[in-house]
Amino acid sequence: MTEVNADHARRAIVEHTRRLADAAAEAGPGATVPTAPGWTVADLVAHVGQTQHWVAEIIERRITDPAELPTEMAVVPTDPREWPAWLAESAQRVASACSDDALDTPVFNAAGDERSGTRFWLAGMLNEAVVHGIDAANAAHRPADVDPAVAAALIGNHFAMLTSPTWERQRPESAHAIRGTGQTLQWRATDTEDGADAWFVERRPGGATWQPATREADVTVTGPAGSLLMVLTRRRPLPDGEATDLGIDGDLGLVRHWLDNTAHVSG
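Parameters and conventions
- Residues numbered from 1 in each chain as written.
- Predicted model: local features only at pLDDT ≥ 70, side-chain atom pairs only at ≥ 80, totals over all residues.
- Heavy atoms only, no water.
- Helix = DSSP H or I, 4+ residues; strand = E, 2+ residues; numbered from the N terminus.
- Contact = heavy atoms within 4.5 Å.
- Axes fitted to C-alpha atoms, helices over the stretch in contact; angles between N-to-C directions.
- Parallel < 35°, antiparallel > 145°, perpendicular 65-115°, else oblique.
- Left-handed = near helix turned anticlockwise from the far one by under 90°.
- Nonpolar A, V, L, I, M, F, W, Y, C, P; charged D, E, K, R; others polar.
- Core = buried A, V, L, I, M, F, W, Y, C linked by side-chain atoms within 4.5 Å.
- Buried < 20%, exposed > 50% of the residue type's maximum accessible area, 1.4 Å probe, protein only.
- Phe/Tyr/Trp six-rings, centres within 6.5 Å; stacked < 30°, edge-to-face > 60°.
- Lys NZ or Arg CZ within 6 Å of the ring centre and 35° of its normal.
- Pairing = 2+ DSSP bridges.
- Salt bridge = Lys/Arg side-chain N within 4 Å of Asp/Glu carboxyl O.

*Asks:* How should I be thinking about the environment of Ala123 in this particular structure?
*Replies:* Inspection of the secondary structure puts Ala123 in helix 4 (residues 117-139). Considering only alpha carbons, one finds Ala123 and Asn157, 34 residues apart in sequence, at a separation of 6.8 Å. With residues up to four places along the chain from it excluded, the contact list for Ala123 reads Arg115, Leu154 and Asn157.

*Asks:* Help me understand the packing of helix 1 (residues 6-27) against helix 2 (residues 41-60) in this model?
*Replies:* Each packed pair of helices is defined by two parameters, the angle between the axes and the distance between the axes. Packing of helix 1 against helix 2 brings their axes to within 10 Å, and their N-to-C directions diverge by 155 degrees. When the axis of helix 1 is compared with that of helix 2, the two are roughly antiparallel. In this structure, helix 1 meets helix 2 at a crossing whose hand is left-handed. Residues Ile13, Thr17, Leu20, Ala24 and Ala27 of helix 1 form the contact with helix 2, whose participating residues are Val41, Val45, Val48 and Gln52. Looking at the contact of helix 1 with helix 2, its residues break down into 7 nonpolar, 2 polar and no charged.

*Asks:* Sorry if this is basic, but what is going on with the nonpolar core here?
*Replies:* Where a protein is soluble and globular, its nonpolar side chains tend to be buried together. Grouped together as the largest cluster of nonpolar side chains are 59 residues, with contacts concentrated most on Phe159, Trp187 and Trp258. For Phe159, the residues in contact, after removing those within four places along its chain, are Trp187, Trp199, Val201, Trp210, Leu232 and Trp258. Leu20, Ala36, Trp39 and Leu87 belong to the second largest nonpolar core, which has 18 residues in total.

*Asks:* I'm lost on the packing of aromatic side chains in this one. Help?
*Replies:* Within a pair of aromatic rings, the relevant descriptors are the distance that separates the centres and the angle that separates the planes. Overall, the coordinates contain 4 aromatic pairs when judged by the stated rule. A ring pair is formed by Phe120 and Trp121, whose centres lie 4.7 Å apart and whose planes are at 70 degrees; its orientation type is edge-to-face. In this structure Trp121 comes out as buried when scored by relative accessible area, which is 8%. Put simply, the rings of Trp54, Phe120 and Trp121 touch in pairs and so form one group of aromatic residues. Above the plane of the ring of Phe200 lies Arg215, whose end atom (NZ or CZ) is 5.4 Å from the centre.

*Asks:* Can you walk me through the sheet that holds strand 1 (residues 183-189) in this structure?
*Replies:* In a beta sheet, neighbouring strands pair by backbone hydrogen bonds and run either parallel or antiparallel. Pairing is mixed in the open sheet, where 5 strands are placed in the order 3-2-1-4-5. Each edge of the sheet is formed by a strand with only one pairing partner; in this case those strands are strand 3 (207-212) and strand 5 (247-250). Between one strand and the next, the sheet's axes are offset by a mean angle of 15 degrees, whatever the strand orientation. Bridging between strand 2 (residues 198-204) and strand 3 involves 6 bridges; their strand directions are antiparallel. The residue of strand 3 that forms the bridge with Val201 is Trp210. In the packing of helix 5 (residues 148-162) onto the sheet, the strands contacted are strand 1, strand 2 and strand 3, and the crossing angle to strand 2 comes to about 10 degrees.

*Asks:* Explain unusual backbone geometry here, please?
*Replies:* Backbone phi values are negative for most residues with the exception of glycine, while trans is the configuration of most peptide bonds. A positive phi angle is found at His141, which is not glycine, with a value near 60 degrees. With respect to the helices and strands, His141 occurs in the loop between helix 4 and helix 5. Positioned with a positive phi, Arg234 is a non-glycine residue whose angle comes to about 65 degrees. Inspection of the secondary structure assignment puts Arg234 in the loop between helix 8 (225-232) and strand 5.

*Asks:* Help me out: how do you make sense of the pattern of salt bridges in this one?
*Replies:* Pairing is possible between side chains that carry opposite charge, provided their charged atoms lie close to one another. The full count for this structure, using the stated rule, is 17 salt bridges. A salt bridge links Arg10 to Asp7; the shortest N-O distance between them is 3.9 Å. With a gap of 3 residues between them, Arg10 and Asp7 both fall in helix 1, about one helical turn apart. Here Arg10 falls in the buried class, since its relative accessible area comes to 14%. One continuous salt-bridge network, built from bridges that share partners, spans Asp7, Arg10, Arg11 and Asp100.

As structure tokens, this is what we get:
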């Protein structure tokens with residue numbers, strides 16, 4: 001399974017935030033974001049920059065008690081011409097906060113899984129920069145490009161989140177909907193370094209589970225890691241008969257059901 005180390009993740013946060021800023025400047029603050037319904041580019045910029053500052057503070061202060069999480073958000077510049085510098089600052093701040101020294105120190109982990117808090121937030125901030133960077137690119141009518149290794153890491157993070165205790169608590173309707181009686185789905189990347197990255201999902205009565213594995217499944221979706229990530233995060237639709245870079249072998253209804261019931265709340 002392709003891995004993205006901490007240094008690669010930190011650099012990618014800074015780079016994808018820069019791309020987001022460039023696309024936001026091109027689209028303009030009032031432009032709508034097709035892949036984030038109800039949002040404008042101004043909303044997108046504020047969300048990403050404020051979230052990066054907020055998370056950086058959690059790690060910098062080594063907060064372990066959720067009751068002590070920051071309650072104030074960073075102030076967004078009113079002049080859009082100041083957004084690129086502000087976003088560069090927020091991205092660098094959170095990347096620096098996720099230093100090697102901080103990776104395994106006690107920090108609150110909102111997912112409640114086995115990862116250290118900083119590793120959880122590092123993956124989350126990479127996801128924010130990449131996925132919302134795709135949103136900004138869509139608003140500016142630009143193509144979005146994601147390194148296959150980064151996309152593969154975010155797919156694993158995506159499934160970790162959907163099967164975490166926190167998802168069960170905060171999105172019980174989704175967690176219940178993706179339970180099942182043994183139905184299986186597989187997502188397989190074709191462009192990662194070893195060409196064998198795959199994510200196997202099983203819908204069990206007690207909850208959905210996932211593991212990095214290649215197995216026989218009721219349905220398998222195959223394609224470039226970036227395309228798989230965009231479909232999983234609902235940044236592009238499933239192919240509907242037309243020729244695309246994605247292939248679907250098996251029960252298409254299972255894939256549609258999974259996607260229909262795993263949407264993130266806006267943001």
